[in-house]
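Residue-level structural notes
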Amino acid sequence: MEKLIYFELRKLFSKRLTQTALFGILLLSVFLNVSSYQNKYAFDGKSKEETGNAAVEIDKEIAAKYEGILTDDKIKQIMSDFAPKTDLHGLNAVYLYYNALQSATFRRFADINGNWNGLRVSDVFGNEEIKIGYIDGWLTTSQNMAKILVVLSFVIITMIAPVFCGEYEGVDNIILTSKYGKTKCTAAKATASVLTAIIAAALTVAVNLTIAFAFYGKSGLDCSILFTSADFAEGFIPFNITCSTLLRYQILMAFTGAVSVTGITLLISAVSQKQIAAFIASATIYIFPIMLPITESNPLFRFIGLLPLYHAQCFSLMSIDQMHNGILYAVWAVPTAILILGAGIFVSRKIFARHQIF
């Protein structure tokens, strides 16, 4: 059995299309992260205005000045230190951006003119203890990964779509089936497909996290995601979790999304006679949920949100306002992924077995 799995893995990874797809997703990871890093902007409110690495350093210096538990005194001090010094010409001060910490503060505590709106920390965050620090880099990494994981799903579909339908016109299936039997051959193909998806997800996550650590360091991982500027979707997650917790959930859903897509693609591959048809059908099923007129506030989204597309777009799934014993609703992505994968493997093996020749 091990030899069969190794054979199937080697066959998958030796294909030029697989190699190109993997290289492409890793290159995209590098490009998005480097581009985001170079486009960073920060102004210290006095004289230093920088982009790129220098901007990150300014943001870190400002965060270090105020880091720790968020208090009313810190809010007033930040509002005072970064009060608008020029006419905003009608711009709502909530959208004013000098640096990451100032933007996060103005988003929650500024009126239209950039003055304190009178709200206290407890008015905005209730009894939650909000730890602040430099989180901008990690939230940027998280947003980039959300985009990259969607592309990763299409990469996995590209790699796995030929697994069954690609054998219908080949001779490998005839030779291997006659030697090992149809049960072992189909099991080896399914196992190799799952391993391929997991390897692709692991490589993608590893590259993104490695770049993030190199660019931003470890600072901010233990800080709350709630105190963030308006341009980050993470701020709409209704739970007080740290950046490291957010990333752990996102990594988990990178793998649940990968195996879910694998289950769907294996089933379609077994049904299809042509590889291109298998790819188009699998990709269509994957993106179908986004075409449904169901918003995140709709009760049905609790079910729609568990489909593979929303594993990659984890912020939507994590925004569901339900927690049990400290566990986010998003954890339901795990049994859902196992169910989809199990169903896909079971049905595809049944279908493919009928096509095998003895």
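Residues numbered from 1 in each chain as written. Predicted model: local features only at pLDDT ≥ 70, side-chain atom pairs only at ≥ 80, totals over all residues. Heavy atoms only, no water.

Some thoughts on the packing of helix α11 (residues 243–271) against helix α12 (residues 275–291)
- Viewed as axis vectors pointing N to C, α11 and α12 meet at an angle of 140 degrees, and their least axial separation amounts to 9 Å. In terms of orientation, α11 lies oblique with respect to α12. In this structure, α11 crosses over α12, and the sense of that crossing is right-handed. Between α11, through Val261, Ile264, Thr265, Ile268 and Ser269, and α12, the contact on the second element is made entirely by Ala278, Ala281, Ser282, Ile285 and Tyr286.
- Here the contact of α11 with α12 is built from residues that sort into 7 nonpolar, 3 polar and no charged. (Axes fitted to C-alpha atoms, helices over the stretch in contact; angles between N-to-C directions. Helix = DSSP H or I, 4+ residues; strand = E, 2+ residues; numbered from the N terminus. Parallel < 35°, antiparallel > 145°, perpendicular 65-115°, else oblique. Left-handed = near helix turned anticlockwise from the far one by under 90°. Contact = heavy atoms within 4.5 Å. Nonpolar A, V, L, I, M, F, W, Y, C, P; charged D, E, K, R; others polar.)

A short note on the side chain of Ser224
- Residue position: Ser224 is located in the loop between α10 (182–216) and α11.
- On the basis of relative accessible area, Ser224 is assigned to the buried category, the value being 3%.
- In this structure the side chain of Ser224 is engaged in a polar contact, spanning 3.1 Å, whose partner is the backbone nitrogen of Leu226. (Buried < 20%, exposed > 50% of the residue type's maximum accessible area, 1.4 Å probe, protein only. Polar contact = N/O pair within 3.5 Å; in protein donor to acceptor, adjacent residues only side chain to side chain.)

So, the packing of aromatic side chains
- For the structure on display, the rule yields 9 aromatic pairs.
- Centroid distance Tyr37 to Phe215: 4.0 Å. Interplanar angle 10 degrees. Geometry classified as stacked. Placement of Tyr37 in helix α2 (residues 16–38) and of Phe215 in helix α10 is noted, with a sequence separation of 178 residues between them.
- Residue classification places Tyr37 among the buried positions, given a relative accessible area of 12%.
- Summarising the aromatic geometry, the rings of Trp138 and Phe213 are spaced 4.9 Å apart at their centres and angled 75 degrees between planes, so their arrangement reads as edge-to-face. (Phe/Tyr/Trp six-rings, centres within 6.5 Å; stacked < 30°, edge-to-face > 60°.)

Details of the pattern of salt bridges
- Scanning all chains against the criterion turns up 7 salt bridges.
- As a salt-bridge pair, Glu8 and Lys189 come within 3.2 Å of each other at their nearest N and O atoms. In this pair, Glu8 sits in helix α1 (residues 2–13) while Lys189 sits in helix α10, placing the two residues 181 residues apart along the sequence.
- Among the residues examined, Glu8 registers a relative accessible area of 5% and is labelled buried.
- Lys189 gets classed as buried once you look at its relative accessible area, which sits at 3%.
- The partner of Asp222 in a salt bridge is Lys131, and the shortest N-O contact between them spans 2.5 Å. Residue Asp222 is located in the loop between α10 and α11, and its partner Lys131 is located in strand β4 (residues 131–132); the two are separated by 91 residues in the primary sequence.
- Each of Glu8, Lys11 and Lys189 takes part in salt bridges that share partners, so that together they form one network. (Salt bridge = Lys/Arg side-chain N within 4 Å of Asp/Glu carboxyl O.)

So, the environment of His89
- Relative to the helices and strands, His89 resides in the loop between α4 (72–81) and α5 (100–109).
- Under the relative-accessibility criterion, His89 is labelled exposed at 70%.
- Between the C-alpha atoms of His89 and Asn113, which are 24 residues apart in sequence, the distance is 9.9 Å.

Points about helix α7 (residues 136–160)
- With 25 residues, α7 should cover 36 Å at 1.5 Å per step; its first-to-last C-alpha distance of 36 Å lies within 8% of that length.
- In terms of burial, α7 is largely enclosed, as 21 of its 25 residues are buried. (Expected span 1.5 Å × (residues − 1).)

Quick word on the packing of α7 against α12
- At their nearest, the axes of α7 and α12 sit 9 Å apart, and the two run at 150 degrees to each other. Between α7 and α12, the interaxial angle falls into the category roughly antiparallel. Handedness of the crossing formed by α7 with α12: right-handed. Contact with α7, carried on its side by Leu149, Val150, Ser153, Phe154, Ile157 and Thr158, involves Phe279, Ser282, Ala283, Tyr286 and Ile287 of α12 and no other residues of that element.
- Across the contact of α7 with α12, the residue classes break down as 8 nonpolar, 3 polar and no charged.

So, α1
- A rise of 1.5 Å per residue sets the reference length of α1, with its 12 residues, at 16 Å; its end C-alpha atoms lie 16 Å apart and thus fit the reference within 8%.
- All of the buried residues in α1 are Leu4, Ile5, Glu8, Leu9, Lys11 and Leu12. Viewed end-on, α1 has its buried residues packed into an arc of 160 degrees, placing them on one side of the element. In this structure, α1 carries Glu2, Lys3 and Tyr6 as exposed residues pointing more than 90 degrees from its buried face. (Arc of directions from axis to C-beta.)

Quick look at the environment of Val207
- Among the structural elements, Val207 can be located in helix α10.
- Relative accessible area serves as the criterion here: at 23%, Val207 is assigned to the partly exposed category.
- Apart from the residues lying within four places of it in its own chain, the contact partners of Val207 are Leu26, Ser29 and Val30.

Digging into the nonpolar core
- In this structure, Ile156, Leu246, Met253, Leu317 and Met318 are the most contacted members of the largest nonpolar core, which totals 79 residues.
- When residues of this core are assigned to their parent elements, the largest contribution, 13 residues, is made by α7. (Core = buried A, V, L, I, M, F, W, Y, C linked by side-chain atoms within 4.5 Å.)

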